[in-house]
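So the chains spell out like this:
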Amino acid sequence: MNKEDLRIVFLGTPDFAVESLRRIVDGGYNVVGVVTMPDKPAGRGHKMYHSPVKEFAEARGLHLMQPVKLKDPEFVDELRSLNADLFIVIAFRMLPEVVWTMPRLGTFNLHASLLPRYRGAAPINWAVINGDTETGVTTFFLKHEIDTGDIIAQERVEILPTDNVGDVHDRLMMLGADLTIKTIDDIIAGTLTTTPQDRLLGETEATPAPKIFKETCKIDWTAPAETIHNLVRGLSPYPAAWATLVDGDTELGAVKIFETRVTDTPSATPGEIIIEGDRLTVGCGDGRRIEILSLQAPGKRRMPVADFLRGSRLANPKFI
């Protein structure tokens, strides 16, 4: 079989998925259908949000499907009518068995971690939050339990001390597109081999990567400075770590924190804010301080701390 004869259906939603879809289309592979999330209202004006995958698919004239329910008989029949040989899933919803068992060559997923580490919705965030120095991408065939299928291939990448989750996301997006193409080519050539994840357990620990919620992002100032710093890195630029700013008895609201560094300055109590010139440091649970470099106050844009301090009149501030 050559790549023009291999009938592919692509399922994905965010920018992370678009790069792989672009490589597939530009590489001359035969994409017979694209599945993405339905449009939904977003923002203050409730303008309809179209997923990045939808925007790409429409720009390239690809056959697009946006089912509300993946078990809907009309959607399943339409999907079956495409006679696809292979489904590729990147950053999409959990598929029902009637869908992922449909193509004769199976359904493979690109996941942004070195499985079995970080199974779940937010693998890139948790790798950075946990202070890992390495991560990667994995292709694997789907099975019943989420992110547990047999591994096809993996590629590794270093997480630098200066990286935030946005930096790592962008590197993995490009690396993942490379691996997606390699996996397709191996399937076409018949050279593909797989490894059950159970074989890797012992060398690599299976770890969860649950969805990020607002409370996940709240800073606990009793934690060690390095832990807080990694939380900020792992949530920047989106959705961003946050803490409530208080000045005396007045609560000023939630402040998003985007950049920090651990300092060697004298200790302060957890949450205590010390302002020295255009610098702002905060006490942590291990007696160390972190310096906040950029933030976003309620109702304001993101800005360097020096700009924030010039426009504020804080008398007795702290974070809680």
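For clarity, every value in this text was computed on a predicted model and none was experimentally measured. (Residues numbered from 1 in each chain as written. Predicted model: local features only at pLDDT ≥ 70, side-chain atom pairs only at ≥ 80, totals over all residues. Heavy atoms only, no water.)

**Quick word on the overall build of the protein chain**
So, step 1. A tally of helices and strands in the protein chain yields eight helices and 16 strands.
So, step 2. Taken along the three principal axes of its C-alpha coordinates, the protein chain extends 70 × 50 × 30 Å.
So, step 3. Taken across its 320 residues, the protein chain has 50% of its residues classed as buried.
So, step 4. Taking the intrachain contacts of the protein chain between residues at least 6 apart in sequence as the baseline, contacts between residues at least 24 apart amount to 64%.
So, step 5. Accessible surface, the protein chain as shown: approximately 15,600 Å² in total, 50% of it carbon and sulfur. (Helix = DSSP H or I, 4+ residues; strand = E, 2+ residues; numbered from the N terminus. Buried < 20%, exposed > 50% of the residue type's maximum accessible area, 1.4 Å probe, protein only. Contact = heavy atoms within 4.5 Å. Areas by Shrake-Rupley, 256 points an atom, 1.4 Å probe, with all protein chains shown as cover.)

**Things to note about the packing of helix α1 (residues 15-26) against helix α6 (residues 165-189)**
So, step 1. At a minimum axis distance of 9 Å, the contact between α1 and α6 shows a crossing angle of 35°. Where α1 crosses over α6, the two elements pack in a sense that is right-handed. Packed against α1, whose contacting residues are Asp15, Phe16, Glu19, Ser20, Arg23 and Ile24, the element α6 presents His169, Leu172, Met173, Met174, Gly176, Ala177, Asp178, Thr180, Ile181 and Ile184 at the interface.
So, step 2. Partitioning the contact of α1 with α6 into residue classes produces eight nonpolar, four polar and four charged. (Axes fitted to C-alpha atoms, helices over the stretch in contact; angles between N-to-C directions. Left-handed = near helix turned anticlockwise from the far one by under 90°. Nonpolar A, V, L, I, M, F, W, Y, C, P; charged D, E, K, R; others polar.)

**Some words on unusual backbone geometry**
So, step 1. The linkage connecting Ser236 with the following residue, Pro237, adopts the cis geometry, with an omega of 10°.
So, step 2. Relative to the assigned elements, Pro237 resides in the loop between α7 (225-234) and β10 (241-247).
So, step 3. You will see that Tyr118, though not glycine, has its phi angle at about 60°, which is positive.
So, step 4. For Tyr118, the location among the structural elements is in the loop between β7 (107-111) and α5 (123-129).
So, step 5. Residue classification places Tyr118 among the buried positions, given a relative accessible area of 3%.

Purely spatial values, then, with no claim about function.
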